[in-house]
Amino acid sequence: MNRRLGVLISGRGSNLQALVDAIGDRRLDATIAVVISNRADAHGLGHARRAGIEALCLDHREARSRDEHDRSVARELQDRDVGLVCLAGYMRLVGAPLLKAFPDAILNIHPSLLPAFPGIDAPRQALGHGVKVTGVTVHFVTAELDNGPIVIQRTVPVMRDDTPDTLSARILAEEHRAYAEAVATVLDGGWRIEGRRFIVP
Ligand code: GAR
């Protein structure tokens, strides 16, 4: 797998910034070839441009269909010879055109221990459910939301006085460490996927 990353975002972009920082600190041997947002107002586009990374907006509302939007995203990534796609707060389901263009080469980060609490507001879901431990999952992307073989998980304890904001902040700090580590593991290769299992010998 080549070490050129394409990062897809929809908003704040703190996980994108964490990848930029990990590359800068040499914890992650990779290059971010392009950042693509589906929203023009995503703050992450600014993080990318300040780091000298090409940043594009492909607004899904301007595409005629979900597939057409996914084809445009895939084309921009392929034009830049991207080897691994990293979703970083990309709040869209990934459809067949993008999955086919990057088989076993799209990662997502999610703020819970999947399969618990998929979808939006995972920290709030965790608090509402009353779990005592939650965490972070980095997984390969499939057609199903927040599903796919798990690369790494990290736990985050839930404190008695946590609010959605305090819990989210601790989970996010763990996400920032975990994403760079998971991307490095995948780029290093030597792994295989058996069923749902990601196996590093
Ligand atoms: C992160 O917590 C990420 O795990 C979550 O969105 C946030 C984006 O923050 N993603 C999902 O919930 C995906 N289902 P960021 O824009 O600051 O990286």
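Residues numbered from 1 in each chain as written. Predicted model: local features only at pLDDT ≥ 70, side-chain atom pairs only at ≥ 80, totals over all residues. Heavy atoms only, no water.

K.L.:
Just checking my understanding: could you explain the site of the ligand for this structure?
P.N.:
Around the ligand sit 13 residues in total, of which Arg12, Gly13, Ser14, Asn15 and Glu175 are the nearest. Within the side chain of Ser14, a nitrogen or oxygen atom sits 2.6 Å from an oxygen atom of the ligand. In this structure, Ile109 approaches the ligand through a main-chain N or O atom, which is 3.3 Å from an oxygen atom. Bound to the protein, the ligand loses 90% of the 450 Å² it would expose on its own. Among the elements of the structure, helix H1 (14-24), strand E5 (106-110) and helix H6 (164-188) are those that each provide at least two residues to the shell around the ligand. Per-class residue counts for the shell around the ligand are 4 nonpolar, 6 polar and 3 charged. (Near = heavy atom within 4 Å. Polar contact = N/O pair within 3.5 Å; in protein donor to acceptor, adjacent residues only side chain to side chain. Areas by Shrake-Rupley, 256 points an atom, 1.4 Å probe, with all protein chains shown as cover. Helix = DSSP H or I, 4+ residues; strand = E, 2+ residues; numbered from the N terminus. Nonpolar A, V, L, I, M, F, W, Y, C, P; charged D, E, K, R; others polar.)

K.L.:
Looking at this structure, how should I read unusual backbone geometry?
P.N.:
Peptide bonds are mostly trans, and most non-glycine residues show a negative phi. In this structure, the amide linkage connecting Leu114 to the following residue, Pro115, adopts the cis form with an omega of 15°. Residue placement: Pro115 occurs in the loop between E5 and helix H5 (122-129). A positive phi angle is found at Arg26, which is not glycine, with a value near 60°. Assignment of secondary structure puts Arg26 in the loop between H1 and strand E2 (31-37). Its identity as a non-glycine residue notwithstanding, Asp146 has a phi of 50°, on the positive side.

K.L.:
Just checking my understanding: could you explain the side chain of Arg80 for this structure?
P.N.:
Looking at the secondary structure, you find Arg80 in the loop between helix H3 (66-79) and strand E4 (84-87). The exposure class assigned to Arg80 is buried, which follows from its relative accessible area of 17%. Engagement of the side chain of Arg80 in a polar contact is seen with the backbone oxygen of Glu76, the distance being 2.8 Å. Those residues within four positions of Arg80 in sequence are excluded, and the remaining contacts are Arg4, Ala33, Val34, Glu54 and Leu56. (Buried < 20%, exposed > 50% of the residue type's maximum accessible area, 1.4 Å probe, protein only. Contact = heavy atoms within 4.5 Å.)

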